[in-house]
Amino acid sequence: MRGLILFDAIRSAILALFFMVALPAFADEEMRFDKEPLLIQTAAGKVLHFTVEIAATPDQRARGLMFRRTMADDAGMIFDFDQPRRVTMWMVNTILPLDMLFADHTGTIRHIKEKAVPYSRDIIDSMVAVKYVVELNAGIVAKLGIKPGDRIVSATTTKKAK
């Protein structure tokens, strides 16, 4: 009996060690995202150029930029929610501070959340119905003067409705 208890304890310890090592490795495994150019046309007449990854499936939207350690200044991610709706985001498992642009079905930016805090469980609300969210490095919105009313343009935002 004592040998069985010892065996179970050793087996449990080995399984715990496996999960302690394996789970972070799974988190580091990158999900594949297609990329596309994205423009932001400002009301002031500037055209800003980015290359964004596309999060179009539920799994891609759930993963987003989680676990990323770096991102180029001209890079980001666009989330396509298919139908306009009120959207909530959070920063759990997101290492990078981000600026979030919430845009309607026309690509018009309706709300902006600047400097979202890494790892925060606080809910970030679109405030209105949106179809797209664009995430950029924190500070880009202020640096480039992006404001509500500006417009995002990409292959994702200009595709025909299904």
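An account of the accompanying structure is given in this report. For clarity, every value in this text was computed on a predicted model and none was experimentally measured.

### Overview of the nonpolar core
In terms of nonpolar packing, the biggest core is built from 19 residues, with Phe79, Met89, Met100, Phe102, Ile124 and Val133 touching the most fellow members. Within the residue set of this core, elements represented by two or more residues are strand E3 (75-89), strand E4 (98-103) and strand E6 (124-137). With six residues, the single largest contributor to this core is E3. Look past the residues within four positions of Phe79 in its chain and what remains in contact with it is Ala55, Arg61, Gly64, Met89, Lys131, Tyr132, Val133 and Glu135. By size, the runner-up hydrophobic cluster in this structure holds 18 residues, among which are Ile40, Phe50, Leu101 and Ala103.

### Thoughts on the pattern of salt bridges
Taken as a whole, this structure holds five salt bridges when the rule is applied. Residue Arg68 is joined to Glu53 by a salt bridge in which the shortest nitrogen-to-oxygen separation is 2.7 Å. With Arg68 in the loop between helix H2 (58-63) and E3 and Glu53 in strand E2 (residues 47-55), this pair connects stretches of sequence that are 15 residues apart. Residue Arg68 is classed as buried on the basis of its relative accessible area of 14%. With relative accessibility at 13%, the residue Glu53 sits in the buried group. Lys159 is the salt-bridge partner of Asp80, the closest N and O atoms lying 2.7 Å from each other. Taken together, the positions of Asp80 in strand E3 and Lys159 in the segment after helix H4 (155-158) put the pair 79 residues apart, joining distant regions of the chain.

### Observations regarding the sheet that holds E4
Hydrogen bonds between backbone groups are what pair the strands of a sheet, and the pairing can be parallel or antiparallel. Spatially, the seven strands line up as an open sheet ordered E5-E4-E6-E3-E2-E1-E7, and their pairing is mixed. The open sheet has two free edges, formed respectively by strand E5 (109-116) and strand E7 (151-154), since each of these has just one partner strand. Along the sheet, successive strands turn relative to each other by an average axial angle of 35 degrees, direction set aside.

### Describing the pairing of strand E1 (residues 35-41)
Of the two faces of E1, the one holding Glu36, Leu38 and Ile40 is buried and the one holding Lys35, Pro37, Leu39 and Gln41 is not buried anywhere. As paired strands, E1 and E2 are joined by seven bridges and run antiparallel to one another. Across the sheet, Pro37 pairs through a bridge with Thr51, a residue of E2. Turn length for the E1-E2 hairpin, with the two strands adjacent in sequence and antiparallel, is five residues, and the turn residue Gly45 shows positive phi of about 95 degrees. Strand direction decides the pairing type here: E1 and E7, joined by four bridges, are antiparallel. In the strand pairing of E7, Leu39 is matched with Val153.

### Regarding unusual backbone geometry
Residues other than glycine predominantly adopt negative phi, and peptide bonds predominantly adopt the trans conformation. Even without a glycine there, the phi angle at Asn93 is positive, about 65 degrees. On the secondary structure map, Asn93 appears in the loop between E3 and E4. Its identity is not glycine, yet Met127 carries a phi of approximately 75 degrees, on the positive side. Residue class for Met127 comes out partly exposed when judged on its relative accessible area of 49%.

About the cut-offs
- Residues numbered from 1 in each chain as written.
- Predicted model: local features only at pLDDT ≥ 70, side-chain atom pairs only at ≥ 80, totals over all residues.
- Heavy atoms only, no water.
- Core = buried A, V, L, I, M, F, W, Y, C linked by side-chain atoms within 4.5 Å.
- Buried < 20%, exposed > 50% of the residue type's maximum accessible area, 1.4 Å probe, protein only.
- Helix = DSSP H or I, 4+ residues; strand = E, 2+ residues; numbered from the N terminus.
- Contact = heavy atoms within 4.5 Å.
- Salt bridge = Lys/Arg side-chain N within 4 Å of Asp/Glu carboxyl O.
- Pairing = 2+ DSSP bridges.
- Axes fitted to C-alpha atoms, helices over the stretch in contact; angles between N-to-C directions.

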